[in-house]
Amino acid sequence: MDTNNMDAVIIGQGPAGCSAALYLCRAGLRVAVVGKDSGALHRAEKIENYYGLPQPLSGQALVEVGRSQCRTLGAELREDEVLALDWLEDGRFAARLATGQTLAATTALLATGKAKAAPAIAGIQALEGHGVSYCAVCDAFLYRGKSVAVLGNGAYARHELEELLPLAGRVTLLTHGAEPEFAPPEGVTVLRRPVARLQGEEQLQSVTLEDGETLALDGLFVALGSASAGDLANKLGLRLEQNAIPVNAKQETALPGLFAAGDCTGSFAQVALAVAEGAKAALAMIPYIRAQK
Ligand SMILES: Cc1cc2nc3c(=O)[nH]c(=O)nc-3n(C[C@H](O)[C@H](O)[C@H](O)COP(=O)(O)OP(=O)(O)OC[C@H]3O[C@@H](n4cnc5c(N)ncnc54)[C@H](O)[C@@H]3O)c2cc1C
C-alpha cells in the first residue's frame, strides 16, 4: 500500500478507531490504523454490556475481534506509536511513527482513548503556560539558548528532545525514576531520579528531585508516556476543552479533514459510545475524502 497516499490515517486501534475503519474500508477507501497497544480494553476483565455478545468477552479478546475484522476488510494495521501529526500544505495529514515511517492521508482520525491526566508533581499545574509546556514544536522558540528539560523516557520524549536541541541552551532528560528507552542524543544530560516538585512564582525557576537536588530550569516539557490526542491536536493549534477534543455532531474538529472519536472526545467511557462515534466519524470522512479526489 502507498503509505504516502492513504485516504485515512486512524490513530488508535480501540473500538472507536476500528469501528471507523470498518465503514471506511467498506466504502472502498485506503485506510491505515495505527495502535501502540490494546488501549483501555486491555484492563477490562469482562465486557458483558456490549450489544451482540452471546457470552461475556475479555476486553483483550474484544480488541482482537475488532482488529481482525478490520484486517479482513482490507485496513492496513500498524503496531506503532504516533509521535506527531502534521498538517501538510496541500491540506493532507502526515502521521510520524516511532519506527521512523510517515503515513500521509487525506483525513486523520484521533481515536487514542482517554485523555492523560497531568502528572502528580507538586507545582506542575500552577506553572502550565509559565515554563511548563506540553508541546516542544509550539514553544521551543521561547527557550532559545535557555535551560530546558523534557520529562519522560520513551519515544515521545525523544521526539520532544529533538525539537528542542537545535534551539535550547542546556537540555536535560528527566526520566522520573524510569530507565530511558532510547540512547539519549549527544548533548543531553540524563537524570533518572524522580521529580518531587517545581518552584517558581510567576515563572518556572527550578525543579527539585526526590533526593533534594535542585536544577535551575527555564522550561519543562512534559512528554510522559506517548502522545495523546490532546498532545497531537495541541500541536495543530486546536484548543482543548477540559483536556478533551471538541467535536461537532459529525465528529469533525475545527480543522478540515481532522476528526476525533471515542474516549478522547470526553464522551462517557463505554465501548458502545466509542463504536458509535467511530461510525459517525467515518460517515463524515467518506464524503470529505470523495470531495477531495
Ligand atoms: C478497567 C476498565 C473496564 C472497562 N469496562 C467496560 C465495560 O464493561 N463496558 C464498556 O462498555 N466499557 C468499559 N470500559 C471503557 C472502554 O474500555 C472505553 O470506553 C473504550 O475502550 C474507549 O475506546 P477508544 O477507542 O476511544 O479508546 P481505547 O480503547 O483506549 O483505544 C485507544 C487506542 O489508541 C492507541 N493509542 C493511544 N495513543 C497512541 C499513540 N500516540 N500512537 C499510536 N496509538 C496510540 C492505543 O494503543 C489504543 O489502540 C472499561 C475501561 C476500563 C479501563
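Note: the structure precedes this text.
Below is a summary of the structure that appears in this document.

Rules used throughout
Residues numbered from 1 in each chain as written. Predicted model: local features only at pLDDT ≥ 70, side-chain atom pairs only at ≥ 80, totals over all residues. Heavy atoms only, no water. Phe/Tyr/Trp six-rings, centres within 6.5 Å; stacked < 30°, edge-to-face > 60°. Buried < 20%, exposed > 50% of the residue type's maximum accessible area, 1.4 Å probe, protein only. Helix = DSSP H or I, 4+ residues; strand = E, 2+ residues; numbered from the N terminus. Pairing = 2+ DSSP bridges. Contact = heavy atoms within 4.5 Å. Axes fitted to C-alpha atoms, helices over the stretch in contact; angles between N-to-C directions. Near = heavy atom within 4 Å. Polar contact = N/O pair within 3.5 Å; in protein donor to acceptor, adjacent residues only side chain to side chain. Areas by Shrake-Rupley, 256 points an atom, 1.4 Å probe, with all protein chains shown as cover. Disulfide = S-S within 2.5 Å. Right-handed = clockwise from strand over helix to strand, strands pointing away. Salt bridge = Lys/Arg side-chain N within 4 Å of Asp/Glu carboxyl O.

The next subject is the packing of aromatic side chains. Scanning the entire structure with this criterion turns up 3 aromatic pairs. Geometrically, the ring pair formed by Trp87 and Phe93 is stacked, given 6.4 Å between the ring centres and 25° between the ring planes. Note on Phe93: relative accessible area 0%, which makes it buried. For the pair Tyr143 and Phe221, a centre-to-centre distance of 5.5 Å together with 80° between the ring planes defines the contact as edge-to-face. Pair noted here: Tyr143 is in the loop between helix H3 (136-139) and strand E8 (148-151) and Phe221 is in strand E14 (residues 219-222), with a separation of 78 residues, a long-range link. Of the two residues, Tyr143 and Phe221, neither departs from the other in class, the shared state being buried.

Our focus in this paragraph is the sheet that holds E14. The 5 strands are arranged E7-E14-E8-E9-E10 in an open sheet whose pairing can be described as parallel. Of all the strands in the sheet, just strand E7 (132-133) and strand E10 (188-191) have a single pairing partner and so form its edges. The pairing of E8 with strand E9 (residues 171-174) spans 4 bridges and is parallel. Bridge pairing links Ala149 to Thr172 in E9. Against the sheet, helix H4 (residues 155-164) makes contact with E8, E9, E10 and E14, and its axis sits at roughly 165° relative to E8, the strand it touches most.

Right, let's get into the sheet that holds strand E13 (residues 214-216). Read across the sheet, 3 strands follow the order E11-E12-E13 without closing on themselves; strand pairing throughout is antiparallel. On the outer flanks of this sheet lie strand E11 (195-199) and E13, each paired with one strand and no other. The average angle at which neighbouring strand axes cross in this sheet is 20°, direction not considered. In this sheet, E13 lies alongside strand E12 (residues 206-209) in antiparallel orientation, the contact comprising 3 bridges. The residue bridging Thr208 from the neighbouring strand is Thr214, located in E13.

Lining the immediate surroundings of the ligand are 31 residues, of which Asp37, Val82, Ala227, Asp263 and Val271 lie closest. In this structure, an oxygen atom belonging to the ligand sits 2.6 Å away from a side-chain N or O atom of Asp37. Within the side chain of Asn49, a nitrogen or oxygen atom sits 2.9 Å from a nitrogen atom of the ligand. Calculation on the ligand without its partners gives an accessible area of 1000 Å², and the protein chains cover 87% of this total. Within the residue set of the shell around the ligand, elements represented by two or more residues are helix H1 (15-26), strand E2 (31-35) and helix H6 (271-292).

Moving on, we come to the state of the cysteines. A complete count under the given rule lists 1 disulfide for this structure. Cysteine Cys70 is unpaired, with the sulfur of Cys18 as its nearest cysteine sulfur at 3.7 Å. As a non-bridged cysteine, Cys264 has Cys18 as the owner of its nearest cysteine sulfur, 14 Å distant. Relative accessible area serves as the criterion here: at 4%, Cys264 is assigned to the buried category.

Next up on the list: the pairing of E9. Of the two faces of E9, both are covered, the one formed by Val171 and Leu173 as well as the one formed by Thr172 and Leu174. Remark: the E8/H4/E9 crossover connection has right-handed handedness. As judged from the 4 bridges shared by E9 and E10, these two strands associate in the parallel manner. Of the residues in E10, the one forming a bridge with Thr172 is Thr189.

Further remarks concern the environment of Leu103. By the element assignment, Leu103 lies in strand E6 (residues 102-110). Taking C-alpha positions, Leu103 is 7.1 Å from Val9, a pair spaced 94 residues apart along the chain. Among all residues touching Leu103, those that are not within four sequence positions of it are Thr3, Val9, Ala32, Val34, Arg78, Phe93, Ala94, Ala95 and Leu97.

Once that is clear, we can look at the side chain of Ser228. Topologically, Ser228 is positioned in the loop between E14 and helix H5 (229-235). If near-sequence neighbours (up to four positions away) are discounted, Ser228 is found in contact with Thr112 and Lys116.

As a further point, take the pattern of salt bridges. One pass over the structure, following the stated rule, counts 13 salt bridges. Here Glu160 and Lys235 are joined by a salt bridge, their closest N and O atoms 3.3 Å apart. In this pair, Glu160 sits in helix H4 while Lys235 sits in helix H5, placing the two residues 75 residues apart along the sequence. Judged by relative accessible area, Glu160 falls into the buried class, the value being 0%.

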